[in-house]
Amino acid sequence: MATTVASHDPQVKYIGKPGEVSFARGLEGVIVAESTKSYVDGNAGRLIYHGIPIEVLAERSTFEETAFLLLYDKLPTEDELEIYQMRLRQYREIPDEVYQFISCAGRRYNFHAMAVLRTAISMLATFDDLAEEDTMVAYEREAIKLISRMATVVAAIGRARKGLPPVHPRPDLSHAANFLYMLFGEELDPLLARVMDVILILHADHECNASTFTVRAITSTLSDLYSAVVGGIAALKGPLHGGANEEVMRMLYEIGDVEHAEAWVRRALARKRKIPGFGHRVYKTYDPRAHILRRYALQLTQRAGKEKWLKIAEVIERVMIEHLGQRGIQPNVDFYSGIVMDSMGIESSLFTPIFAMGRIAGWVAHALEQRRDNRIYRPRFFYVGPEHLEYVPIEERG
Ligand SMILES: CC(C)(COP(=O)(O)OP(=O)(O)OC[C@H]1O[C@@H](n2cnc3c(N)ncnc32)[C@H](O)[C@@H]1OP(=O)(O)O)[C@@H](O)C(=O)NCCC(=O)NCCS
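What comes next is a walk through the structure. All values reported here derive from a predicted model rather than from experimental measurement.

**Points about the packing of helix 8 (residues 190–203) against helix 13 (residues 288–304)**
Phase 1: Put simply, helix 8 and helix 13 touch, their axes get as near as 11 Å, and they point 160° apart. The angle between helix 8 and helix 13 places the two elements in the roughly antiparallel class. The crossing of helix 8 and helix 13 is left-handed. Counted together, V195, V198 and L202 of helix 8 and R289, I292, L293, Y296 and L300 of helix 13 form the full contact between these two elements.
Phase 2: Of the residues belonging to the contact of helix 8 with helix 13, the class tally is seven nonpolar, no polar and one charged.

Put into structure tokens, the structure is as follows:
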């Protein structure tokens with residue numbers, strides 16, 4: 001929560017009046033805007049998108065429909081959904097220059113997929129003559145383009161990592177099925193397309209997380225939507241945010257075997273190591289998205305003969321809850337999403353870009369919301385530096 005205590009150091013002297021303003025490390029508990037998009041009840045383990053529980057959307061909706069809900073604050077009618085899906089499909093293709101850049105990056109050893117995604121989305125802006133048009137109608141059109149094209153870029157990155165040429169989008173497939181088609185070069189089992197759809201729904205929004213906050217802060221300066229989304233990607237890349245799903249898989253590989261799992265976690269905790277996929281600023285109970293993904297992990301690891309990863313994960317979960325559950329440190333969305341995607345044959349470097357493919361819906365919805373009732377984000381720092389310091393010429397400095 002916000003407090004008026006500004007530092008762990010009792011010697012720190014503040015300039016200004018700290019008693020009159022509040023300060024919260026990591027902006028904990030700070031409300032930055034009103035929003036109609038999503039709400040997290042961290043004690044009840046509940047997440048809603050515009051009033052609809054995440055469990056209901058994961059079971060009954062599609063990514064396209066959920067993105068519509070976030071953008072327009074309503075579920076679409078059949079006609080609205082059809083027109084909107086047509087718009088999404090029409091924007092799928094990206095310029096050759098962007099494919100070329102992704103292929104070039106693919107020739108470099110071990111490139112970071114999120115770094116390529118960040119650059120590729122920025123490049124898209126420079127090939128879009130309408131990117132700088134500053135009206136709400138243009139903003140909404142660019143939002144739909146970005147939701148659509150993010151999937152094409154992520155799939156091309158996935159292929160470039162394997163040294164394969166891109167597969168161009170197909171207009172006849174759903175967003176999730178088309179993504180898998182572009183990634184694997186063939187249409188996959190409808191079950192896998194449905195699982196990808198659910199993954200995208202679960203990642204579509206999560207109220208004021210670090211990347212959405214970044215998107216809204218950039219939008220508040222009246223910058224363009226591409227710039228805001230590039231900022232969102234940059235924030236999501238970090239291991240404390242979207243990068244955690246990749247870290248989870250790395251941890252499972254490092255543990256390697258279910259027999260070693262318990263000792264590994266105990267050792268890691270004794271060393272005060274943070275276990276990826278656990279803990280959350282808002283949830284103090286099991287993340288509802290992790291519940292849903294855990295069920296898919298069970299089904300898909302069996303199907304792929306990769307039960308080992310789930311077994312290791314279950315040991316980690318048990319030990320973590322035993323040790324830290326009382327303190328509200330429980331599995332979050334990233335703990336099981338990687339295992340699900342790994343069982344689908346997706347390599348771990350793509351986990352965070354796929355997170356971005358879902359979150360783009362929330363980012364652009366929040367950007368539009370910010371633009372409709374904008375005021376520039378301009379918070380303060382507690383200045384804890386010296387108040388008067390003499391300027392010493394360089395030749396006199398010791
Ligand atoms: C998500 C996260 C960044 C939230 O951070 P936060 O609200 O600032 O919480 P803090 O990092 O201050 O953690 C509070 C306490 O819980 C502990 N803790 C939090 N997450 C932990 C984890 N995953 N493993 C072990 N300990 C953890 C911290 O060490 C800290 O302990 P202390 O009070 O004894 O110092 C944090 O839980 C984390 O780093 N998790 C792992 C990364 C991850 O999964 N991120 C994806 C989030 S969806």
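Next comes the rest of the write-up.
**Structural notes on the sheet that holds strand 2 (residues 46–49)**
Phase 1: Taken together, the three strands give an open sheet; going across it, the order is 1-2-3, and neighbouring strands pair in antiparallel fashion. The strands lining the two open edges of the sheet, one partner per strand, are strand 1 (38–41) and strand 3 (52–53).
Phase 2: Bridge count for strand 2 against strand 3 is two bridges, and the pairing is antiparallel. When the sheet's bridge partners are listed, Y49 is paired in strand 3 with I52.

**Quick notes on the environment of I157**
Phase 1: Take I157: it is sitting in helix 6 (residues 136–161).
Phase 2: Sequence separation between I157 and I102 is 55 residues; the distance between their C-alpha atoms is 6.1 Å.
Phase 3: For I157, the contacting residues outside a window of four places in its chain are I102, A113, V116, L117 and P353.

**Some remarks on helix 14 (residues 307–324)**
Residue pairs three or four apart in sequence face the same way in an α-helix, which turns once every 3.6 residues.
Phase 1: Here helix 14 is 18 residues long and its end C-alpha atoms lie 25 Å apart, about the 26 Å a rise of 1.5 Å per residue gives.
Phase 2: Among all positions in helix 14, only W309, L310, I312, A313, I316, E317 and M320 are buried. The arc that holds the buried residues of helix 14, viewed along the axis, is 155°, so those residues lie on one side.
Phase 3: Here the buried face of helix 14 lies against helix 11 (244–255), helix 12 (258–270), helix 13 and helix 15 (333–343).

**Focus: helix 15**
Phase 1: Of all eleven residues in helix 15, eleven are buried, a share of seventy percent or more.
Phase 2: Turning to helix 15, the residues buried within the fold contact helix 8, helix 11, helix 13, helix 14 and helix 16 (351–372).
Phase 3: Positive phi appears at G345, one or two residues downstream of helix 15, with a value of about 90°.

**What about the packing of helix 5 (residues 113–126) against helix 16?**
Phase 1: One way to put it is that helix 5 packs onto helix 16 with a least axis distance of 8 Å and a crossing angle of 40°. Between helix 5 and helix 16, the angle falls in the class oblique. Taken as a pair, helix 5 and helix 16 cross one another with a handedness that is right-handed. On helix 16, the residues touching A113, M114 and L117 of helix 5 are T352, P353 and A356.
Phase 2: Split into classes, the residues belonging to the contact of helix 5 with helix 16 amount to five nonpolar, one polar and no charged.

Rules and cut-offs
- Residues numbered from 1 in each chain as written.
- Predicted model: local features only at pLDDT ≥ 70, side-chain atom pairs only at ≥ 80, totals over all residues.
- Axes fitted to C-alpha atoms, helices over the stretch in contact; angles between N-to-C directions.
- Helix = DSSP H or I, 4+ residues; strand = E, 2+ residues; numbered from the N terminus.
- Parallel < 35°, antiparallel > 145°, perpendicular 65-115°, else oblique.
- Left-handed = near helix turned anticlockwise from the far one by under 90°.
- Contact = placed C-beta atoms within 7 Å.
- Nonpolar A, V, L, I, M, F, W, Y, C, P; charged D, E, K, R; others polar.
- Pairing = 2+ DSSP bridges.
- Expected span 1.5 Å × (residues − 1).
- Buried ≥ 20, exposed ≤ 12 C-beta atoms within 10 Å, placed from the backbone.
- Arc of directions from axis to C-beta.

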